[in-house]
Amino acid sequence: VVTRDYVEELLKEMWQYARENEQLLQELRSQIEETEQKISVKQSERDRLLEYQNVGSKIQIKKIENLEKEIQEVKEELNRTKEHYSNALKSLKEEHARLVEKHAQSSHEQALENAVRYLDKFSCREIEENEWLKEEVKMCQKEVNDLKASVQLLEEENVGLVTKLIEGRLQNLRV
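Computed from a predicted model, the values in this text were never measured in an experiment. (Residues numbered from 1 in each chain as written. Predicted model: local features only at pLDDT ≥ 70, side-chain atom pairs only at ≥ 80, totals over all residues. Heavy atoms only, no water.)

Engineer: Which residues make up the overall build of the protein, and what are the values?
Structural biologist: When helices and strands are counted, the protein shows three helices and zero strands. Starting at the N terminus, the α and β elements of the protein follow one another as α-α-α. Relative to the compact-globule value of 16 Å for 175 residues, the protein shows a C-alpha radius of gyration of 40 Å, a clear excess of over 25%. Across its three principal directions, the C-alpha atoms of the protein cover 125 × 70 × 15 Å. Looking at the protein as a whole, 10% of its 175 residues are labelled buried. As displayed, the protein offers around 15200 Å² of accessible surface, 55% of which is attributable to carbon and sulfur atoms. The positive charge centre, built from 29 side chains, and the negative charge centre, built from 38, are 6 Å apart in the protein. (Helix = DSSP H or I, 4+ residues; strand = E, 2+ residues; numbered from the N terminus. Rg over C-alpha atoms; globule rule 2.2 N^0.38 Å. Buried < 20%, exposed > 50% of the residue type's maximum accessible area, 1.4 Å probe, protein only. Areas by Shrake-Rupley, 256 points an atom, 1.4 Å probe, with all protein chains shown as cover. Lys, Arg positive; Asp, Glu negative; His and termini not counted. Charge placed at Lys NZ, Arg CZ, Asp CG, Glu CD.)

Engineer: An account of the layout of surface pockets is requested, with residue identities and associated values reported.
Structural biologist: A volume near 190 Å³ is recorded for the largest pocket. Considering the residues around the largest pocket, the lining is formed by Leu10, Glu13, Met14, Tyr17, His96, Leu99, Val100 and His103. Contributions of two or more residues to the lining of the largest pocket are made by helix H1 (4-55) and helix H2 (58-117). (1 Å grid on protein atoms, 1.4 Å probe; cavity = no way out; pocket = protein on both sides within 12 Å on 5 of 7 lines; lining within 4 Å. Points joined across faces, edges and corners; volume = space filled by probe spheres on them.)

Engineer: Give a detailed account of the pattern of salt bridges, specifying residues and quantitative values.
Structural biologist: Two side chains bearing opposite charge may form a pair once their charged atoms approach each other closely. A complete count under the given rule lists eight salt bridges for this structure. For Glu68, the salt bridge is made with Arg46, and the minimal N-O distance between the two is 3.3 Å. Placement of Glu68 in helix H2 and of Arg46 in helix H1 is noted, with a sequence separation of 22 residues between them. Relative accessible area serves as the criterion here: at 30%, Glu68 is assigned to the partly exposed category. Among the residues examined, Arg46 registers a relative accessible area of 23% and is labelled partly exposed. A salt bridge links Glu95 to Arg98; its shortest N-O distance comes to 2.5 Å. Highlighted residues: Glu95 and Arg98, both in helix H2, separated by three residues, approximately one helical turn. When its relative accessible area of 44% is taken as the criterion, Arg98 is described as partly exposed. (Salt bridge = Lys/Arg side-chain N within 4 Å of Asp/Glu carboxyl O.)

Engineer: Could you give me a rundown of the environment of Trp132, with the residues and numbers involved?
Structural biologist: Mapped onto the elements of the fold, Trp132 is located in helix H3 (residues 121-174). Through-space distance from the C-alpha of Trp132 to that of Leu28 is 61 Å; in sequence the pair is 104 residues apart.

This is the structure in structure tokens:
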């Protein structure tokens, strides 16, 4: 029997699960913002160094190249992090959907069992008779199929005999 308390408890669990997912998304967003801030800081530093490079400093050229590499690495790390968290979110959603489906199926089965358990004797007898009649119908259909096959064989045999008889009469007429 599915009680109100049971449903409320499940709803609380699902709400908690959704809340945890939202918190995880918030953390991911804050990490993404931090990374984007790092990127903007590195970008501004890169721009400043590029301006200095135009003046002609060879030492600063190396620093700029290193910073560009760092920016590229940070971008790649951001992309990997985004992909990782996207995959994690996708798997969480799939797991959540699977759990909801499993719960719905178990609730359906439990409701069916409860419905059958509380049927009166007359309804139970009708269900049993219905099952018996289904079995009888299957047996009768099998017999009908067997009889159809027998009739077809007999018809083919009769056609063969009539053909032989006609051929015999044709030969008698020729003689």
